[in-house]
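As a plain string of letters, each chain reads:
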Amino acid sequence: MQLPSNPFKNMLIKREPMWGCWAGFATGYAAEIIANTGFDWLLIDGEHAPNTVPTILAQLQAVAPYSSAPVVRSVNHDPALIKQLLDIGTQTLMVPMVESAEQAAALVRATRYPPHGIRGVGGGLVRATRWDGVDDYLNKAHESLCLIVQVESPKGVEQVEAIAATDGVDAVFIGPADLSVGMGYPGNPGHPDVQSAIQKVINTVHAAGKPVGILAPLEEDARRYQALGCQFIAVGIDISLLRQGALATLARYKELPAQPSTRTY
């Protein structure tokens, strides 16, 4: 059996816009519903959603028949956890809060087998190898992997040139919410200082020849970030979509208290 192709990585190469959705329900059933709608990619969130390795596996299995490419976000930089996520078949990995080239290089090593990294060999135990069905997996695994690092802090912005230049980093994803908090503007990523930092990240990553992504559930934000040069943009969050849809439906039948508005993302 040949190494499975990575559809997300293939789409990045085409340099076309990629519209995505955050999958936060932590169940295969909900992830499959979103995958069935036609988003280009889905973010299976292991950082803020109540996910574990088994629940992420269930979601990867659930969305596998669909064209929406799964991206898995780890909760941290732990190489042992990254090993598990890769072994269950994660091809595109997003890692939060990367603030230096050293951290980025360590993440690359966590995704590579020796002598180029520290990933342990699971062989016939793991889904990634199709239980030893993939020919020469140990030497070819890196070809189908895509590593996305998140720049979402002032320190990350300061170090973005070195981070983006790190060999093995395929793309950079901007976290507007964390960045705005770190810069002293909580809940206000639209502040001019935050927007200036976002523009700096986009320009610097482009100069390194790599694509940039961002989370932007509000259409006006998504369109602006696309115009600034972001290629893969998450324009929905499944939990928010459910809540907004439920409120809109209920509002047709009864008077509801005013809902707080937010531009956190």
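Here, every reference points to the structure presented above.
A brief structural summary. (Residues numbered from 1 in each chain as written. Predicted model: local features only at pLDDT ≥ 70, side-chain atom pairs only at ≥ 80, totals over all residues. Heavy atoms only, no water.)

1. Considerations on the pairing of strand β3 (residues 69-73)
Then, in step 1: Among the 5 residues of β3, 4 are classified as buried, and the element is accordingly described as predominantly covered.
Then, in step 2: Where strand β2 (residues 41-45) lies against β3, 5 bridges are found, and the strand directions are parallel. For Leu-43, the partnering residue across the bridge sits in β3 and is Val-71.
Then, in step 3: Read from β2 through helix α3 (residues 53-63) to β3, the crossover connection turns out right-handed.
Then, in step 4: Here β3 pairs with strand β4 (residues 92-95) via 2 bridges, running parallel. Across the sheet, residue Arg-73 finds its bridge partner in β4, namely Met-94.
Then, in step 5: Tracing the backbone out of β3, into helix α4 (residues 79-87) and back to the parallel element β4 gives a crossover that is right-handed. (Buried < 20%, exposed > 50% of the residue type's maximum accessible area, 1.4 Å probe, protein only. Helix = DSSP H or I, 4+ residues; strand = E, 2+ residues; numbered from the N terminus. Pairing = 2+ DSSP bridges. Right-handed = clockwise from strand over helix to strand, strands pointing away.)

2. Side note on the packing of helix α10 (residues 192-207) against helix α11 (residues 219-228)
Then, in step 1: It is at 10 Å that the axes of α10 and α11 come closest, and there the two elements cross at 40°. It follows that α10 is oblique to α11 by the angle criterion. As for the relative orientation of α10 and α11, their crossing is right-handed in sense. In this structure, α10 uses Gln-195, Ile-198, Gln-199, Ile-202 and His-206 to contact α11, whose residues at the interface are Arg-224, Tyr-225 and Leu-228.
Then, in step 2: Across the contact of α10 with α11, the residue classes tally to 4 nonpolar, 3 polar and 1 charged. (Axes fitted to C-alpha atoms, helices over the stretch in contact; angles between N-to-C directions. Parallel < 35°, antiparallel > 145°, perpendicular 65-115°, else oblique. Left-handed = near helix turned anticlockwise from the far one by under 90°. Contact = heavy atoms within 4.5 Å. Nonpolar A, V, L, I, M, F, W, Y, C, P; charged D, E, K, R; others polar.)

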